[in-house]
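Working through the structure, step by step
Listed below are the residues making up each chain.
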Amino acid sequence: MLGQLLKSNILEPTLVFVLAIVIWMIGAEYEAFEMLVDFMEEHESWDLDELFLAVIMLGIAGFFNAYRYHFRQRKEMERRLQAESDLDWLSRHDNLTGLPNRHYLKQFIERTDYGSMEDSNKKYGLISVDLDGFKKANDLLGHAGGDRLLKEVAERITSNKAVKMAFRLGGDEFLAIVSLTQATKFDDIAKQLHADISQPILIDGITNHIGASIGLARYPEDGDTLKDVIHNSDLAMYSAKRSGKNTIAFFETPMLALSIERSRLEQDLLAAMANDEIRPHYQPLIDLKTGKLRGFEALARWNRDGHGFVPPEKFISVAEDIGVITELSDKLLLQACRDAKTWPDDLTLSFNLSPVQLSDRLVGLRVISILGEAEFPPHRLEVEITESSLVQDMDTASFILKALHNAGVRIALDDFGTGYSNLSQLSQLNFDRIKIDRSFINNFETDEKQMRIVKTILSLGEGLGLHTTAEGIEEMEQLSILKDLGCQYGQGYHLGKPVDAEETTRFINNHLGRGESPLRVIR
């Protein structure tokens, strides 16, 4: 549009100039000037010479005014063209790092396949990068410091001589295209890039240690087009993140099948949530000293159509990855509170919060809101959090726990001993219970080292005035030893498997009707 306007502003004065030349040639041919002079001499009394001079002066003034107008218009057109160019650049580049963005990459993919970029005999490699530990650094430094960290990472990527092009795809995700020759090895380039990114970054006097999960794919070995190779490098990067952060993974063909299965799992999960197919099941919590039922822990169960029950750790991690864990958790908690409201008043409900949720300061308010909606007393709810979630973001977790505790909700520290948290930090938080992780119970009756760990945790709980619960009790011998050691509560398949709400109610009614201890009923 602007180009057409600019052309019209050039064309119009050109036509006027051409027209003036034509008129001048016609006048010269017919001696128009001599005719005009003769006419003015014949009519001297009309003062035509003064009038002619005035017309000439006005014409000159008009010419200069038109020139100035045209000059201003030309400058305005140039400014508008520059603004249009700047907007186009901004739309295709990341304004923080200056790197091409996802929109640029999309256009790049659409207009060319990777093999036609240059010499088709050349080989190229795609490197997908996802930073590890950036969120923690961003929380520590603030957004301004986080921006500086991202700029430094971008500079480290582009400073690698093998990198042909680099993109920032959003957040802490980057993509690099490298040229591969016989003298270079793709894995060596990736290792060097990984080492460069992982070097400490000093910002405002704070040394930040971040890593990167990197996925690698080659052209043409791993795809016929640039789009295919990028997709495959992303699959490799996700594989690296799942296998352990701060690692490098090459694309392998089986990853495609895993990607398809993962996509189907995500779709089925969303459909299951919409149809309320994911339901809470309840596993009993037993007082080991008296054998009485003290409450139940709510555990998510999903019977996926055509696949049977999906392990909770599998679909919970998917819900976390696709950002629906909060919605799923809220639905499960609301249903669990409504079910537990029908139980005797002395039975408690335990509910697990995902580590991802503990990065959201509003989770405490949502829990309290759900309790109000279900009309379930806060003192009957016990929220369980994992020790590893405290390590990830201690400040936010402390804020959430304080809000819940002030509302009357009890707090249990789940999987104790597996998160390597600081004991001085734990002592500052308001816990009501610690749960000994099942990994310490599995063989503790025959493993002296595990036995010492269990005894230490029990002593620590007693010293801090906290109740202790042992998870994963599956044998009578384990139960007897834990009772002798003074462990107060227990749960596991030997004491009772998770069952749905109807079975839970039947179990409670049978127990109350017979007046028997749950230990005898379950066994």
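Sequence order as written defines residue numbering, which begins from 1 separately in each chain. Local features in this predicted model are restricted to residues of pLDDT 70 or higher, and side-chain atom pairs are both shown and tallied only at a pLDDT of 80 or more, whereas totals for entire chains, interfaces and linings draw on every residue. Note that water and hydrogens are dropped before the side-chain values are worked out from all heavy atoms of the structure.

1. A few points about the overall build of the protein chain
Scanning the protein chain from N- to C-terminus turns up 19 helices and 16 strands. Burial status across the protein chain gives 41% buried among its 523 residues. Accessible surface, the protein chain as shown: approximately 29000 Å² in total, 54% of it carbon and sulfur. Numbering goes from the N terminus for both helices and strands, where a helix is a DSSP run of H or I of at least four residues and a strand is a run of E of at least two. Whether a residue is buried, partly exposed or exposed follows from its accessible area with a 1.4 Å probe, protein chains only, as a fraction of its type maximum: under 20%, in between, or over 50%, in that order. Residue-level accessible areas treat just the shown protein chains as cover; the underlying method is Shrake-Rupley with a 1.4 Å probe.

2. Things to note about the environment of L105
Secondary-structure assignment places L105 in helix α4 (residues 102-111). Classification of L105 as buried rests on a relative accessible area of 6%. For the pair L105 and F167, spaced 62 residues apart in the sequence, the C-alpha separation amounts to 7.6 Å. The contact criterion used is simple: two residues touch if any of their non-hydrogen atoms lie within 4.5 Å. Leave out the neighbours within four places in its chain, and L105 touches F167, L169, L175 and I230.

3. Considerations on a nonpolar patch on the surface
Together, I56, M57, I60, F63, F64, Y67 and F71 line one region of the surface with nonpolar side chains, adding up to about 750 Å² of accessible area. On the basis of relative accessibility, which here comes to 43%, the residue F71 falls in the partly exposed class. Like-charged residues within 9 Å of one another, or nonpolar side chains (Val, Leu, Ile, Met, Phe, Trp, Tyr) within 5 Å, are grouped into patches, provided each residue has over 30% relative accessible area and no salt bridge. Here, a salt bridge means any Lys or Arg side-chain nitrogen found within 4 Å of an Asp or Glu carboxyl oxygen.

4. Topic: the pairing of strand β2 (residues 163-170)
Within β2, 6 of the 8 residues are buried, which leaves it mostly tucked inside the rest of the structure. Taken together, the 6 bridges between β2 and strand β3 (residues 173-180) define a ladder with antiparallel strand orientation. By the bridge assignment for β3, A166 is matched with A176. Note: two strands are recorded as paired if DSSP finds a minimum of 2 bridges between them.

5. Section: the layout of surface pockets
Considered as a void within the structure, the second largest pocket measures approximately 950 Å³ in volume. Around the second largest pocket sit 35 residues that line it, and E297, L299, P312, N352 and D414 are the ones nearest its centre. Secondary structure elements with two or more residues in the lining of the second largest pocket: β9 (293-304), α9 (312-321), α10 (325-340), β11 (348-352), β12 (381-386) and β13 (410-416). The class makeup of the residues in the lining of the second largest pocket is 14 nonpolar, 10 polar and 11 charged. A cavity here means a set of points on a 1 Å grid, drawn over the protein atoms and nothing else, where a 1.4 Å probe fits but cannot get out; a pocket is an open set with protein on both sides within 12 Å along at least five of seven lines, and a residue lines either one if it has an atom within 4 Å of a point. Grid points are joined across faces, edges and corners, and a volume is the space filled by probe spheres set on the points. Residue polarity is assigned by list, with Asp, Glu, Lys and Arg as charged and Ala, Val, Leu, Ile, Met, Phe, Trp, Tyr, Cys and Pro as nonpolar; anything else, Gly included, falls into the polar class.

6. Re the packing of helix α8 (residues 254-274) against α9
What describes two packed helices is the angle between their axes and the distance between those same axes. The geometry of α8 relative to α9 is characterised by a closest axis approach of 10 Å and an angle of 85 degrees between their N-to-C directions. Accordingly, the angle class assigned to the pair α8 and α9 is roughly perpendicular. Along its contact with α8, which presents R262, L265, E266 and L269, the element α9 presents K314, F315, V318, A319 and D321. Taken together, the residues of the contact of α8 with α9 break down into 5 nonpolar, no polar and 4 charged. Think of each axis as a best-fit line through the C-alpha atoms, taken over the contacting stretch in the case of a helix, with angles from 0 to 180 degrees between the N-to-C directions. In these notes the angle categories are as follows: under 35 degrees is roughly parallel, over 145 is roughly antiparallel, 65 to 115 is roughly perpendicular, and the rest is oblique.

7. Description of helix α5 (residues 134-158)
Look at α5: only 19 Å from first C-alpha to last across 25 residues, short of the 36 Å you get at 1.5 Å a residue. The seven residues ending at a residue and the seven starting there each receive a fitted axis; the angle between those axes is the bend at that residue. G142 marks the point of greatest bend in α5, at about 125 degrees. By the burial criterion, the buried members of α5 are F134, A137, N138, L141, G145, G146, L149, L150, V153, A154, R156 and I157. Structurally, α5 contributes buried residues whose contacts are with β1 (123-132), β2, β3, α6 (186-198), β4 (201-203) and β5 (206-208). An expected span of 1.5 Å times one less than the residue number is assigned to each helix.

8. Here's the deal with the sheet that holds β3
The mixed open sheet is built from 5 strands, whose spatial order is β2-β3-β1-β6-β7. The open sheet has two free edges, formed respectively by β2 and β7 (248-250), since each of these has just one partner strand. Averaged over all adjacent pairs, the angle separating strand axes in this sheet is 20 degrees, with direction ignored. Packing of α4 onto the sheet brings it into contact with β2 and β3, and relative to β2 it is tilted by some 125 degrees.

9. A word on the environment of L265
For L265, the position within the fold is in helix α8. Spatially, the C-alpha atom of L265 lies 9.7 Å from that of K314, the residues being 49 residues apart in sequence. Setting aside anything within four residues of it in sequence, one finds L265 in contact with W302, R304, K314 and V318.

10. A few points about the nonpolar core
Buried residues of nine kinds, namely Ala, Val, Leu, Ile, Met, Phe, Trp, Tyr and Cys, make up a nonpolar core once their side-chain atoms join them within 4.5 Å. Residues I278, L349, L381 and L482 are the most contacted members of the largest nonpolar core, which totals 70 residues. Looking at which element gives the most residues to this core, the answer is α10, with 8 residues. In this structure L349 touches Y282, F296, A298, A336, C337, A340, W343, F376, R380, L381 and E382, once residues within four positions along its chain are discounted. Grouped together as the second largest cluster of nonpolar side chains are 30 residues, I127, F134, L150 and L180 included.

11. Structural notes on the confidence of the model for the protein chain
Overall, the prediction assigns the protein chain a mean pLDDT of 83, with 82% of residues at 70 or greater. pLDDT expresses how confident the predictor is about each individual residue, on a scale running from 0 to 100. In this model, residues 1-6 is a region of pLDDT below 50 whose contacts with residues beyond four sequence positions or in other chains number 8 contacts.

12. Looking at unusual backbone geometry
Look at the link from Y219 to P220: it is a cis peptide, with omega at 10 degrees. Position of P220 among the secondary structure elements: in the loop between β6 (211-219) and α7 (226-243). The backbone phi angle of D276 is positive, close to 55 degrees, even though this residue is not glycine. Relative to the helices and strands, D276 resides in the loop between α8 and β8 (278-287). We note that E375 has phi near 55 degrees; this positive angle belongs to a residue other than glycine. Position of E375 among the secondary structure elements: in the loop between α11 (363-374) and β12.

13. Description of the pairing of β9
The element β9 is extensively covered by neighbouring structure, given that 10 of its 12 residues are classed as buried. Where β8 and β9 come together, 9 bridges link them in antiparallel fashion. Bridged to I278 within β9 is W302. As judged from the 3 bridges shared by β9 and strand β10 (residues 308-310), these two strands associate in the antiparallel manner. Counterpart to W302 in the pairing with β10 is V310. Between the antiparallel neighbours β9 and β10 lie 3 residues, among them G306 with a positive phi of about 85 degrees.

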